[in-house]
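Breakdown of the fold
Residue-level listing of the chains:
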Amino acid sequence: MRGVVAAGHPLTAEAGADVLREGGNAVDAAVACVLMSFVAESPLTGPGAGGFMLVHTAGGEDHLLDFFVAAPGRELGGREPAELKPIDVRFADEAIQRFNIGPSSCGAYGTTLGLTQALERFGSLSPAELTVRPARAAREGVDVVPMQAFLFEVLEPILRSTPECAELYAPGERLLREGERFRFPELGDLLDRLGAEGPGFLYSGDVAAAASDWVLARGGLLTRQDLAAYEVIEREPARVAYRGREVLTNPPPSSGGILIADALGILERLDGPLDPVAIAEVIASTNRARDEEFLEGLGNEGYLERFLAKDALDNVATDVRSRLGNTTHIAVMDAMGACATVTCSNGSCSGVVVPGTGMHLNNMLGEEDLNPLGYHLHEPGTRVPSMMAPTVVLRDGRPEIALGSAGSNRIRSAIVQTIMGVVDYGLRAQEAVSSPRIHVEGSELDAEPGIDDAALTALESAGWTVRRWSEKNLFFGGVQAVARNPESGALTGGGDPRRGGAATVVD
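Values in this document were obtained by computation on a predicted structure and should not be read as measured data. (Residues numbered from 1 in each chain as written. Predicted model: local features only at pLDDT ≥ 70, side-chain atom pairs only at ≥ 80, totals over all residues. Heavy atoms only, no water.)

1. Here's the deal with the sheet that holds strand 18 (residues 444–447)
The sheet built from three strands is open, its strands ordered 17-18-19 with mixed pairing. Of all the strands in the sheet, the pair left with one neighbour each is strand 17 (438–441) and strand 19 (465–468). Neighbour to neighbour, the strand axes of the sheet diverge by 20 degrees on average, direction disregarded. Direction of pairing for strand 17 relative to strand 18: antiparallel, over a ladder of four bridges. Opposite E441, over in strand 18, you have E444 as the bridge partner. Contacts between helix 12 (residues 276–289) and the sheet are confined to strand 17 and strand 18, with strand 17 contributing the most and set at about 40 degrees to the helix. (Pairing = 2+ DSSP bridges. Helix = DSSP H or I, 4+ residues; strand = E, 2+ residues; numbered from the N terminus. Axes fitted to C-alpha atoms, helices over the stretch in contact; angles between N-to-C directions. Contact = heavy atoms within 4.5 Å.)

2. Side note on the sheet that holds strand 3 (residues 62–67)
The strand order across the open sheet formed by seven strands is 8-3-2-12-11-1-22, and the pairing between neighbours is antiparallel. The open sheet has two edge strands, strand 8 (233–235) and strand 22 (502–506), and neither has a second partner. Strand-to-strand twist of the sheet, defined as the mean angle between neighbouring strand axes without regard to direction, takes the value 15 degrees. Lying over the sheet, helix 2 (residues 26–40) contacts strand 1 (3–7), strand 2 (50–56), strand 11 (327–334) and strand 12 (339–345), oriented at roughly 155 degrees with respect to strand 11. On the sheet, helix 3 (residues 111–122) packs against strand 2, strand 3, strand 8 and strand 12 and is oriented at approximately 155 degrees with respect to strand 3.

3. Some words on the packing of aromatic side chains
Applying the stated rule across the entire model yields ten aromatic pairs. Here the aromatic rings of F152 and Y169 are separated by 5.4 Å at their centres, their planes lie at 70 degrees, and the arrangement is edge-to-face. One end of the pair, F152, is in helix 5 (residues 146–154); the other, Y169, is in helix 7 (residues 163–169), with 17 residues separating them in the sequence. Just as F152 is buried, Y169 falls in that class too. In this structure an aromatic cluster arises from ring pairing among F152, Y169, F182 and F184. Over the aromatic face of W214 sits the side chain of R218, whose NZ or CZ is 3.3 Å from the ring centroid. Across the ring face of F475, the terminal group of R410 is positioned such that the distance to the ring centre comes to 4.2 Å. (Phe/Tyr/Trp six-rings, centres within 6.5 Å; stacked < 30°, edge-to-face > 60°. Buried < 20%, exposed > 50% of the residue type's maximum accessible area, 1.4 Å probe, protein only. Lys NZ or Arg CZ within 6 Å of the ring centre and 35° of its normal.)

4. A look at unusual backbone geometry
Looking along the chain, the bond that leaves S42 and enters P43 is cis, with omega of 10 degrees. As for its position among the elements, P43 is in the loop between helix 2 and strand 2. Phi is positive for C349, which is not a glycine, with a value near 80 degrees. As for its placement among the helices and strands, C349 is situated in the loop between strand 12 and strand 13 (353–354). The backbone of D396 shows a phi angle near 55 degrees, a positive value even though the residue is not glycine. You can see D396 is positioned in the loop between strand 15 (391–395) and strand 16 (398–406). Judged by its relative accessible area of 76%, D396 is exposed.

5. Quick word on the packing of helix 1 (residues 10–21) against helix 2
Packing of helix 1 against helix 2 leaves a shortest axis separation of 7 Å and a crossing angle of 150 degrees. On the basis of the axis angle, helix 1 is roughly antiparallel to helix 2. Handedness of the helix 1/helix 2 crossing: right-handed. The residues of helix 2 that touch helix 1, namely those facing L11, T12, A13, A15, G16, V19 and L20, are A26, D28, A29, A32, C33, M36, S37 and A40. Of the residues assigned to the contact of helix 1 with helix 2, the class counts are eleven nonpolar, three polar and one charged. (Parallel < 35°, antiparallel > 145°, perpendicular 65-115°, else oblique. Left-handed = near helix turned anticlockwise from the far one by under 90°. Nonpolar A, V, L, I, M, F, W, Y, C, P; charged D, E, K, R; others polar.)

6. Considering the side chain of S255
Take S255: it is sitting in the loop between strand 10 (245–249) and helix 11 (256–268). What S255 contacts, discounting residues up to four positions off in sequence, is R290, F294, L298, S386 and M387.

7. Section: the pairing of strand 9 (residues 238–242)
Side-chain alternation along strand 9 places A238, V240 and Y242 on a buried face and R239 and A241 on a face that remains uncovered. Summarising the sheet, strand 9 and strand 10 pair through five bridges and their orientation is antiparallel. Among the inter-strand pairings, Y242 is bridged to a residue of strand 10, identified as R245.

8. Regarding the packing of helix 11 against helix 12
Packing of helix 11 against helix 12 brings their axes to within 10 Å, and their N-to-C directions diverge by 140 degrees. Between helix 11 and helix 12, the angle falls in the class oblique. Relative to helix 12, the crossing made by helix 11 is right-handed. Facing helix 11, whose interface residues are L259, D262, A263, I266 and L267, helix 12 presents V282, S285 and T286.

9. Let's talk about the pattern of salt bridges
Under the counting rule described, the total for this entry stands at 29 salt bridges. Linking R139 and D189 is a salt bridge whose minimum nitrogen-to-oxygen distance equals 3.1 Å. Here R139, found in helix 4 (residues 127–140), pairs with D189, found in helix 8 (residues 185–197); they are 50 residues apart in sequence, far enough to count as distant. Given a relative accessible area of 35%, R139 falls into the partly exposed group. Residue R498 pairs with E448 through a salt bridge whose shortest N-O separation is 2.8 Å. Here R498, found in the loop between strand 21 (491–495) and strand 22, pairs with E448, found in the loop between strand 18 and helix 18 (453–461); they are 50 residues apart in sequence, far enough to count as distant. (Salt bridge = Lys/Arg side-chain N within 4 Å of Asp/Glu carboxyl O.)

In short, the description is geometric, and any link to function would need to be established separately.
Put into structure tokens, the structure is as follows:
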């Protein structure tokens, strides 16, 4: 096998698979997927987004590249931004989540800079070789598949929030429907320039100036200095032991990875069956850990080690025992033993489309789960903490699983349950990704169909509020995972049906 790709859309997965067929490596394929996702998985990703890439090289090195969104406002002297615009997004009758949009929600983007640096360091191809296909797709258009049509419907209040955004997603004043074509010609032009020139024009050139000027004129804080000063940061991955494996994930200042490591470290210490009751209690314990002290500690040196210290995990596991009675992801493994797992996000999108640039900007400063203590929590230039957590599971030093998820604050519960599916229950990647999930917020638990009803009844008897969903839903995340069988070496992939995901094994 040449490798395996899992992504949030069939066109995205096929772009990476083509690169593997042509001899590219895991990073080449991952970058090709991300570039295609700008078109196929709009509006939840794009050149105005941020993200993270975790790379395990064929030589056994691990690298976490942080190109997530940075807080804006350099050289504005503490100017107050315009008010955010609250939008309630309805996933189903059972679940409504508030997002805040508009120019004041836009932070300094990093995706294109991160992708080009990943290619320079770990890839074998150039940006020019990878931008041709997505640029053509942006101009010619891509068919709106059923999941994209549902996503557009869910996000309709945001997609209609500005004339520029509505022109893309509701041309002729009607939201695009399944089978129609989504076109973004200006994005095609941007991708061509990215291939020919590199990303400089997005950070210190004409597009950077246009994006900043457009946002500032409408009350946001994104300055030219924010973009010119933006840098990709390499971080040491967070590490935790689980069932004889080593799990690598996203470290502070982001929160999602450290909470996943925390959950797996607690699960490692529990005896008996890991039924939905146990999983719910573990997820609830990580929710309780995400207090004000936790959010402040993420920026402090040594906090990761203290949070995941053996004594700390032992104490939480003891407590759990006492209780027991917009985003897209890509994962790739290649034949040489390397893998790349990358999560990129525009948030729920801001509705801010900068005319003439191909840029639809993120709304990360308006995401309540990323910025729960208020807009002014982050100093200009600092990274906004993220729930995104590209993750690799190593067994005997070789990748066994590479995965990640979309889904806001459901990311960590989705990733933990998928890892358990492969490691604890011996499932193939697609089976683990497709298995029913639960999610916990406070004392409320959401459960997809297929979760053991007796366990849910036991939770209700213990005082939990349980919502039983009638079908699987993108509310529960969008995991894309690839896996290698440690004995046979066979590769499998899992694309999340909740998000219209797809996986391709390349022979």
